[in-house]
Every structure is written in structure tokens, then in C-alpha cells.
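A structural walkthrough
One letter stands for each residue in the lines below.
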Amino acid sequence: MEKQYKAIGEEAWKNNAEKINAELFIFTYGSLVVQLVKDYENYSAVNKQLDKMGYNIGVRMVDDMMARTSLERCTGFSATAEVIAKVGFKLFLNVIPTVANWSADAKEFSLILDDNPLNDFCELPPKAVADGLRYSNVLCGVIRGALEMMQMQTEVEYVRDVLCGDDVSEIRVKLLRMLDEEVPASDD
Amino acid sequence: MEQVYVKLELIGFRIGRRLAERFAPPNRRLTDTLDIVKFVCKDIWMVMFNRQIDNLKTNHRGIYVLQDNKFKWFLRMSGNNGGAAAARRAQPYIWLPCGIIRGVLDSFGVNTVVIAETLGLPQCTFQIKVVNDA
Amino acid sequence: MVVVYTIYIFDRHCECIFYTEWNRGRSPLSAERSAAAATVGGRSDGSKEPANTAHAVDGTGTHLSGDSQRPLVWPTTANSTANRVSLESPRNIAMEEEAKLVYGVAFSTRNIINKLNSKDGPQGGNPGGFMSFATNTYRLHYYESPTGVKFILTTDIAAVSMQPVLEMIYRNIYVEYVVKNPLFNVDPHTSSPIENDYFRAVLNNYIREISSTTTVA
């Protein structure tokens, strides 16, 4: 199963993904974060804003991912984790994080990012590190938004970040609950 | 809206400066403004949109008009009832590239004002006006 | 040769966000139109046409030539009226009712099939594999995207499987032209009608294409 997701991700990235210049992407993201920092002057507000932007991206991106692959709705949370890592991250960022640190109840896992293109050329000022700026927090929002479209309400956050001096970057994904499908309002 | 414009333009400006730094031709220094504008039309547009500007015009007095007939960010934009309303709503999406163009030129020491408009999606025209051309 | 009558697209909130008809004889739309024509003399571009001929409400029907092929897009309901130029799109109660019924019948059928396969659950989806049902006059085809957007197509009864067609519409037309339209509001908590000339044009071309070629397997 895991192998299969890897193949789907590779295939989609190779054949169905429109590539853009990585530096343009990195510069654009960097410039955006700089602007947010200027505007909010408060790093946790910036984190929140990045998460919100990510969410708005994620709710669209998931359709794009599903349209470019032969994937169907996942049957369990562990499959979901694999798809995020091997198809989602591969298709949109060309990296594959490691899925790790499952909680005992199988409702939480981590994505360990050895490589995150958004971070390239980025060095945070000490104040930003001290005050907890999560530079790539947009990724958390993307995951959260995408999963909501698949009926999963989640909490997604950075727990470790290389830009803040940690040895790896780790995004924690926690399933809060499955969302019920809406039913049509009954006529009186 | 004014604020949105200022912010997007500034974000673009910073991107433009970095793009210029990164993609400027290593073996020759661009000094002539027309050459720098051509660099935007060809190299920078290639990096950003995988295509070049379709048409470049200048009055040789500091005004350059760049026309992209299939501006990438407009390719999927559409509304109801023909283009007028959609074109209006598309306006904020060209503030960032305006900033990028200004940023690229600025990093070569050319101070400009860049504005853009669309006559109908997905067409887009950028106008560069040099301020105090040295 | 497939004869396509109508398509309905429903979002995650059970709202009809898009409807078009092609070869439909009588519909709540044409009924409304003739009523409107009778009472207020019709709109300038509508009054010239016979009341029972479907024509583009949006005035952009130029991409199709033949009268019988002209699409009629019914701009949708309730909470979506705010940002629309509403001159051209009066609410059509009969049409809203019809859309609700169509949704209801497809939704219930899917649920029954899921249940019979013991694959029903509160998250919905179509694991039971509901594809179509037929009456003696039309066939209704159902496709649900993994993200819960529902596509319903009605055709003549001979068109046995339109699954590839609906999948194509989702993957290459809906995602490409609706989801990727930066001007489309995708706040997932509200419903927005698809107001999008490109999407409509591409969809029309595609439907025309499959209508003129022989059989979709």
C-alpha cells in the first residue's frame, strides 16, 4: 500500500504537475512573510495568518490532487497520512516527509520534514526565533484545509522547526473528529 | 483597497529585487534602460510565467508598454456575463507583478512607476514609466 | 450517440451551484420564461424567442450555434444572490424545487445502495458505487468527487454508463475551470453558484462533442 502511494505521487509529479521556478516560489513566499511580519508586528498573529492562508489554499488544492491522481477517499487515518506525505507533498513541493510518531490511539501522527523548499535561503532573526515564528506555517493550514474537505477536522501545528534551531522540522497532525456529511434541509 | 495595493506592490517589489539579483546576466552589466526592460520581458517573464512578453513598445522618452496576451494568472479567471466585471475583479492580481517589475528595474538603479490594466482577460498591459532617468 | 438533457452540480451543502439543460423539452425554466414574457413582456433579448425554446440567460450563448443546443444556465439560489447582478436572474422557485427533488432522490438512492452494501456512514461518499438509474424516459447518472461535490447528469436511456464522462467533467473541467478560477469563492462554509463563462463554454463543447460521437462505452 505504501509503495503504491509512492508510485502514485511520483507519477503525478512527473506527468501531471505543472512546474514553476523554485526560486520564484521561495522568493514569493519569503516576501509574503516579511510583509506579514511588518503588518502584524506579532509573530503569533503572523503564524495564524499563514495558517489561514494555507487553509484557503488547501481547500482548493485537495481537489487538484484528487483530479491529478487515481486516488479515492482514504479509508483510514493511516492511509491519509501516507497520502499527504507521498502524494500531496510530493506533488506540490517535490519532497516526501516521513510519517512518524503515531499516537497510541492512531489519531495523531507527525510529518518529519528533512527538506522543505520554503525554508531555502531563509534565516530567521533571533527575535523571530525567540517569539516563535513558524516560518512555514502555511503548510499546516494547507493540510488542515485539505483534510476538512475529506470530512476530517484536524489540528495541525509545527512542534519543531529547523529554522528555530531544532534538529528536524516536525508537523503534528491531530484528528479531532470526522465530520458528518450535510444532509438536505427537510421541507417542513 | 489602497492598502492592499500598497502591500501587494511591496511584496512584488521585494520579489523583483531578488529575482534581478539571482537571474541577472553574469557576464555583462545591464546599464541601458531598454536592455533592462528587455531583460524583464524575456528572462524575468520566462522565470515567472514560462513565456515571454508578446509585445514591447517604447516612446524612447521613458515610457515602456509591455503586453502579455495570455497573462498566466488570468488564464483561468472568469465570471458571468462576459468579461467586464471579471476584469475589474482581476485588478488586484496585477499589483504584485507591477511591484515585481518595479523591483527588478530598481535593482539596476532605474526608478520607475509601474501600472497595469487589462482590456479583456486574459490580456494584460503593463506600463513602465521611468522617473528621473539618469 | 448520447442525448444529454441536463446537468446539476451540488456542493457540499446540498446546494445546487450549477444547472444547464440541453435537449430538454419543458422545464421550470421555460415555464418561468413564458410566464415572465406574458406578464412583463420579457427581457429585451428574451422576448424575441419562442417561449419554449431554451436560451442563454446570461447572454453569452454565442459559443453554441444551433437553437436546440443553446444552453440555459439557471443561476442558483438563496444565499448566493448577494454578489450577483440580479437583473438577469430572478429566483425561479419551480427550478429550486426541482433541484431539491433531484438532490433528494439521488442522495437517498446513494444512501440505500451504501446501506445494502453495508458501507453506509455519516461521512457520506459513494462507496456502494451508485452510478445510475433509469426510468422509461431518461437515465440519471451520478458521480461524487472525493471532496463531496455531486454531479448529476440526465440522458436518454440508451446511454448506459456516463461515469467516464462525469469523471472527466470533474477532473478536467470542474477542477480546472472552477476550482482554479481565482475569482471563485471557495470558502467551504458557504455556497457560491458557479458564475463562470469559461467553465460553461468548455462544458458545452464537451457535451456537444460526446453528443455527436458514437457511444460512450
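Residues numbered from 1 in each chain as written. Chains lettered and ligands numbered in written order. Predicted model: local features only at pLDDT ≥ 70, side-chain atom pairs only at ≥ 80, totals over all residues.

**Examining the interface of chain C and chain B**
Facing the 14 residues of chain C at the interface are ten residues of chain B. Counting residues per element, the side of chain C that touches chain B draws most heavily on helix α4 (residues 197-212) of chain C, at three residues. Among the residues forming the side of chain C that touches chain B, the class breakdown is six nonpolar, four polar and four charged. (Contact = placed C-beta atoms within 7 Å. Helix = DSSP H or I, 4+ residues; strand = E, 2+ residues; numbered from the N terminus. Nonpolar A, V, L, I, M, F, W, Y, C, P; charged D, E, K, R; others polar.)

**Quick word on α4 of chain C**
In a regular helix each residue adds 1.5 Å, so 16 residues correspond to 22 Å; α4 of chain C covers 22 Å between its end C-alpha atoms and thus fits that length. All buried positions along α4 of chain C are accounted for by D197, Y198, F199, R200, L203, N204, I207 and I210 of chain C. (Expected span 1.5 Å × (residues − 1). Buried ≥ 20, exposed ≤ 12 C-beta atoms within 10 Å, placed from the backbone.)

**Section: the environment of G121 of chain C**
All names here are of chain C. Tracing the sequence through the fold places G121 in the loop between α2 (93-116) and β4 (132-134). When the 14 C-beta atoms within 10 Å are taken as the criterion, G121 is described as partly exposed. Spatially, the C-alpha atoms of G121 and T190 are 23 Å apart, while their sequence positions differ by 69 residues.

**Notes on unusual backbone geometry**
Excluding glycine, most residues fall at negative phi; most peptide bonds, likewise, are trans. A cis amide bond, omega 0°, links L121 of chain B with the succeeding residue P122 of chain B. Structurally, P122 of chain B can be placed in the loop between β3 (112-117) and β4 (124-130). Not every positive phi belongs to a glycine, and A106 of chain A is a case in point at roughly 60°. Structurally, A106 of chain A is set in the loop between β1 (98-100) and β2 (108-113). In this structure A106 of chain A comes out as exposed when scored by C-beta crowding, with 12 C-beta atoms within 10 Å. The phi dihedral of Q151 of chain A falls on the positive side, at around 70°, and the residue is not glycine.

**What to know about the interface of chain A and chain C**
With 18 residues of chain A at the contact, the number on the chain C side is 21 residues. Elements that contribute at least two residues to the side of chain A that touches chain C include exactly α3 (43-68) and α6 (138-149) of chain A. For the side of chain A that touches chain C, the leading source of residues is α3 of chain A, giving seven residues.

**A few points about the nonpolar core**
Generally speaking, a soluble globular protein has its nonpolar side chains buried in company with each other. Grouped together as the largest cluster of nonpolar side chains are 122 residues, with contacts concentrated most on I143 and A146 of chain A, I101 of chain B together with I9 and F151 of chain C. Among the elements that take part in this core, α3 of chain A stands out by supplying ten residues, more than any other. For F151 of chain C, the residues in contact, after removing those within four places along its chain, are I7, I9, Y143, L166, I169 and Y170 of chain C. (Core = buried A, V, L, I, M, F, W, Y, C linked by C-beta atoms within 7 Å.)

**What about the sheet that holds β1 of chain A?**
The strands making up a sheet are joined through hydrogen bonds of the backbone, oriented either antiparallel or parallel. All names here are of chain A. Ordered by their spatial adjacency, four strands build an open sheet running β1-β2-β4-β3, and the pairing between neighbours is antiparallel. Both outer strands of the open sheet, β1 and β3 (152-160), are each paired with one neighbouring strand and no more. Within this sheet the neighbouring strands show an average axis-to-axis angle of 25°, counted without direction. Of the pairings in the sheet, the one linking β3 to strand β4 (residues 169-178) comprises eight bridges and is antiparallel in character. Each bridged residue has a counterpart across the sheet, and for R160 the counterpart in β4 is E170. Packing of α6 onto the sheet brings it into contact with β3 and β4, and relative to β3 it is tilted by some 165°. (Pairing = 2+ DSSP bridges. Axes fitted to C-alpha atoms, helices over the stretch in contact; angles between N-to-C directions.)

**Brief notes about the confidence of the model for chain B**
Detailed reading of the predicted coordinates is not advisable wherever pLDDT is low. All names here are of chain B. On average, chain B scores 93 in pLDDT, and the residues at 70 or more come to 99%. For chain B, the element scoring lowest by mean pLDDT is helix α3 (residues 84-90), at 88; strand β2 (residues 63-68) scores highest, at 98. The ipTM assigned to the predicted complex is 0.92, against a pTM of 0.87. (pLDDT = per-residue confidence, 0-100.)

**Let's talk about the sheet that holds β4 of chain B**
Residue and element names in this part refer to chain B. Spatial ordering of the open sheet is given by β1-β2-β4-β3, a layout of four strands whose pairing is antiparallel. Edge positions in the sheet fall to β1 (55-58) and β3, since each has one partner strand and no second. Mean inter-strand twist for the sheet, computed between neighbouring axes without regard to direction, equals 15°. Strands in contact with helix α2 (residues 33-49) are β1, β2 and β4; relative to β1, the strand with the most contacts, it is inclined by about 160°. The strands touched by helix α4 (residues 95-107) within the sheet are β3 and β4, with β3 carrying the most contacts at an inclination of about 155°.

**A closer look at the environment of A106 of chain C**
Residue and element names in this part refer to chain C. One can find A106 in helix α2. Of the residues examined, A106 has 22 C-beta atoms within 10 Å and is grouped as buried. Between the C-alpha atoms of A106 and D11, which are 95 residues apart in sequence, the distance is 14 Å. Beyond its immediate sequence surroundings of up to four residues, A106 is in contact with L140, Y142, K150 and I152.

**Quick notes on the pairing of strand β5 (residues 139-144) of chain C**
Residues and elements named next belong to chain C. Buried residues dominate β5, accounting for six of its six residues. Residues R139, H141 and Y143 point to one face of β5 and L140, Y142 and E144 to the other, with burial holding for every one of them. In this sheet, β5 lies alongside β4 in antiparallel orientation, the contact comprising three bridges. Counterpart to S132 in the pairing with β5 is H141. By the bridge criterion, six bridges tie β5 to strand β6 (residues 150-155) in an arrangement that is antiparallel. Pairing of L140 across the sheet is with T154, part of β6. Following β5, the chain reverses through five residues before pairing antiparallel with β6; G148 in that reversal takes a positive phi of roughly 90°.

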